[in-house]
Amino acid sequence: MGLLLPVVLCALAACCGATSPPLPPLRFWPPIARGCNDSGILELAGFALQDINRDRKDGYVLSLNRVSDVREHRQASDSPLLGSLFYFTLDVLETDCHVLSRKAWKDCGVRTLHESVYGQCKALFYVNRPGRVLYVLAYNCTLRPVSQRSSHTMCPDCPGPFKLSNPKVLETAAESLAKYNKESASKQYSLFQVTRASGQWVFGFAFFVEYLIKESPCTKHQASSCALQPPDSVPVGLCKGTLTERELQKFVSVTCDFFEPQVPAPGGENPAANQGPADLPTVEESQQKIIAPTNSPSKAVPKGSVQYLPDLDDEKKPEDAQENSPVEPFPVQLELTTDPLGESLDVSFLFLDPEEKKVVVLPFPKKEQRSAECPGPAQQANPLVLPP
Ligand SMILES: *[C@@H]1O[C@H](CO)[C@@H](O)[C@H](O)[C@H]1NC(C)=O
Ligand SMILES: *[C@@H]1O[C@H](CO)[C@@H](O)[C@H](O)[C@H]1NC(C)=O
């Protein structure tokens, strides 16, 4: 972990120090549009998304497809040490890792086109190099599944999404988990929640489900006679199960990935140490060290939310007949203030020293004024997974 810090600081130096033009001696500078393909910006966007993923309790880890817009608001004040607030608009893709796995998004696989879920996040990201702080103050995201009509045209045989309430979905989860439990040496697991489901017809029906599992208090030998209830059932892993039905025969397969324990066992491997430079050790440390009784009632609540909307095609049904009022395809609201002069926000809880620190938050900048270098190049450039 000690090695990661210089990497973080070098990245910040590259982005905010070396290339910054000299600033006029004003008390209040307007936000500056930054280039969406600058290496320093890309690095910061990666950290911001990592912090968003860490904050979330459900859904899949989001990966960065491209930076759609970024403004840097240098915090002018009597103290030069306040750093910058970045207003990020990020185009994202769902990966195949559950957020509870705590995996870094760079270590997760993106989904194939017909299974893609994509969207946009807005994030208010606070960067303070001297204080070693990289911290998302607030975020909001909106996601949609890829257009089924378009992806079905491109791949008619690819699996299509299923409603989680479909009885076949539950059957696939139950049968594949039963198979897992049967092959397990002792520990038994039960279904916590189905998180994804799809199906496909290839000489028979195939169902694919993903679900969270919790540990059952019963061992294998107690089996069905065991009626113990787990005291607090937290999901411990994500399973992928399939059920194929062909000429009255059933084939079941299953694989499960277990999440790293949140608190590493003594002498065990520290999961945080494996996450590479995308880890945010400095922020984590300061968050853990400071349990401020006075100024952080907000720490317990999530810093944002992820909204899931249906397939864009389903929303544009002609019967709505509202051609004149176009739907905002990815509405993401992130307004901490509507005051054009901004409001000050106390960020003292991010620092170890007791001095009060406040930053100025402005209304989220409008897309129209973004840099000509935005949006940046996309990892997945297919227009079907890029918010307009
Ligand atoms: C985030 O989005 C939700 C609606 O999805 C909204 O109620 C909330 O105010 C937004 N947060 C901010 C800070 O704007
Ligand atoms: C983005 O930056 C990379 C590396 O700096 C460069 O190779 C690439 O051409 C740039 N792409 C665009 C679209 O500007």
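Details of the structure are given in the entry above.
Residues numbered from 1 in each chain as written. Chains lettered and ligands numbered in written order. Predicted model: local features only at pLDDT ≥ 70, side-chain atom pairs only at ≥ 80, totals over all residues. Heavy atoms only, no water.

1. Side note on unusual backbone geometry
Working step 1: At the junction of C374 and P375, the peptide bond is cis and its omega measures out at -5° in the coordinates.
Working step 2: Mapped onto the fold, P375 is located in the segment after β13 (358-361).
Working step 3: Located in the positive-phi region is R132, a residue other than glycine, with phi close to 55°.
Working step 4: Counting through the fold element by element, R132 comes out in the loop between β4 (117-128) and β5 (133-145).
Working step 5: One non-glycine residue, E247, adopts positive backbone phi at about 45°.
Working step 6: Here E247 falls in the exposed class, since its relative accessible area comes to 75%. (Helix = DSSP H or I, 4+ residues; strand = E, 2+ residues; numbered from the N terminus. Buried < 20%, exposed > 50% of the residue type's maximum accessible area, 1.4 Å probe, protein only.)

2. Considerations on the packing of aromatic side chains
Working step 1: According to the stated counting rule, one finds 13 aromatic pairs in the structure shown.
Working step 2: The interplanar angle of 80° and the centroid separation of 5.5 Å between the aromatic rings of Y87 and F364 together place this pair among those described as edge-to-face. With Y87 in strand β3 (residues 84-98) and F364 in the segment after β13, this residue pair connects regions lying 277 residues apart in the sequence.
Working step 3: Among the residues examined, Y87 registers a relative accessible area of 2% and is labelled buried.
Working step 4: Their ring planes at 50° and their centres at 6.3 Å tell us that F88 and F125 sit as a pair that is tilted. Placement of the pair is F88 in strand β3 and F125 in strand β4, with a sequence separation of 37 residues.
Working step 5: The buried category is assigned to F125, whose relative accessible area is 0%.
Working step 6: Through a chain of ring-to-ring contacts, the aromatic side chains of F162, W201, F205 and F207 assemble into a single cluster.
Working step 7: Taking NZ or CZ as reference, K303 lies 3.9 Å from the ring centre of Y135, over its face.
Working step 8: For the cation-ring pair, K357 lies above F351, with the distance from its terminal atom to the ring centre recorded as 4.5 Å. (Phe/Tyr/Trp six-rings, centres within 6.5 Å; stacked < 30°, edge-to-face > 60°. Lys NZ or Arg CZ within 6 Å of the ring centre and 35° of its normal.)

3. Let's talk about the site of ligand 1
Working step 1: Taken together, N140, Q333, L334, E335 and L336 form the complete shell of residues around ligand 1.
Working step 2: Interatomic distance of 2.9 Å between a backbone N/O atom of E335 and an oxygen atom of ligand 1.
Working step 3: Relative to its free-state accessible area of 350 Å², ligand 1 is covered by the protein chains to the extent of 54%.
Working step 4: Across the shell around ligand 1, the residue classes break down as two nonpolar, two polar and one charged. (Near = heavy atom within 4 Å. Polar contact = N/O pair within 3.5 Å; in protein donor to acceptor, adjacent residues only side chain to side chain. Areas by Shrake-Rupley, 256 points an atom, 1.4 Å probe, with all protein chains shown as cover. Nonpolar A, V, L, I, M, F, W, Y, C, P; charged D, E, K, R; others polar.)

4. Considerations on the environment of T195
Working step 1: Mapped onto the secondary structure, T195 falls in strand β7 (residues 187-201).
Working step 2: By relative accessible area, T195 is classed as buried at 19%.
Working step 3: Along the chain, T195 and K240 lie 45 residues apart, while their C-alpha atoms are 10.0 Å from each other.
Working step 4: Not counting residues within four places of it along the chain, the set of residues in contact with T195 comprises Y60, H98, L164, E210, Y211, L212 and L238.
Working step 5: In this structure the side chain of T195 is engaged in a polar contact, spanning 2.7 Å, whose partner is the side chain of Y60. (Contact = heavy atoms within 4.5 Å.)

5. Topic: the sheet that holds β5
Working step 1: The six strands are arranged β1-β2-β3-β4-β5-β11 in an open sheet whose pairing can be described as mixed. If you trace the sheet from one side to the other, it starts and ends with β1 (32-33) and β11 (304-308), each paired once.
Working step 2: With twelve bridges connecting them, strand β2 (residues 60-74) and β3 associate as antiparallel partners. The residue bridging V70 from the neighbouring strand is F88, located in β3.
Working step 3: Across the sheet, helix α2 (residues 39-55) is in contact with β2, β3, β4, β5 and β11; its angle to β2 comes to roughly 125°. (Pairing = 2+ DSSP bridges. Axes fitted to C-alpha atoms, helices over the stretch in contact; angles between N-to-C directions.)

6. A word on the pairing of β5
Working step 1: Of all 13 residues making up β5, eleven are buried, and the element is well covered by its neighbours.
Working step 2: In this structure, the hairpin formed by β4 and β5 is closed by a connection of four residues, where R132 is found at a positive phi of approximately 55°.
Working step 3: Inspection of the sheet shows β5 paired to β11 by five bridges, in the parallel sense. Bridge pairing in β11 places N140 opposite S305.

7. A word on the state of the cysteines
Working step 1: As enumerated under the stated definition, the model contains five disulfides in all.
Working step 2: Across the disulfide, C155 is cross-linked to C158 (sulfur-sulfur distance 1.8 Å). Because the torsion about its S-S bond is 85°, the bridge between C155 and C158 counts as right-handed.
Working step 3: With a relative accessible area of 24%, C155 lands in the partly exposed category.
Working step 4: C239 shares a disulfide with C256; S-S distance 2.1 Å. Judged by the sign of its S-S torsion, about 105°, the cystine formed by C239 and C256 is right-handed. Taken together, the residues C239 in strand β9 (residues 235-246) and C256 in strand β10 (residues 249-258) connect sequence positions 17 residues apart. This pair shows no difference in class: C239 is buried, exactly as C256 is. (Disulfide = S-S within 2.5 Å.)

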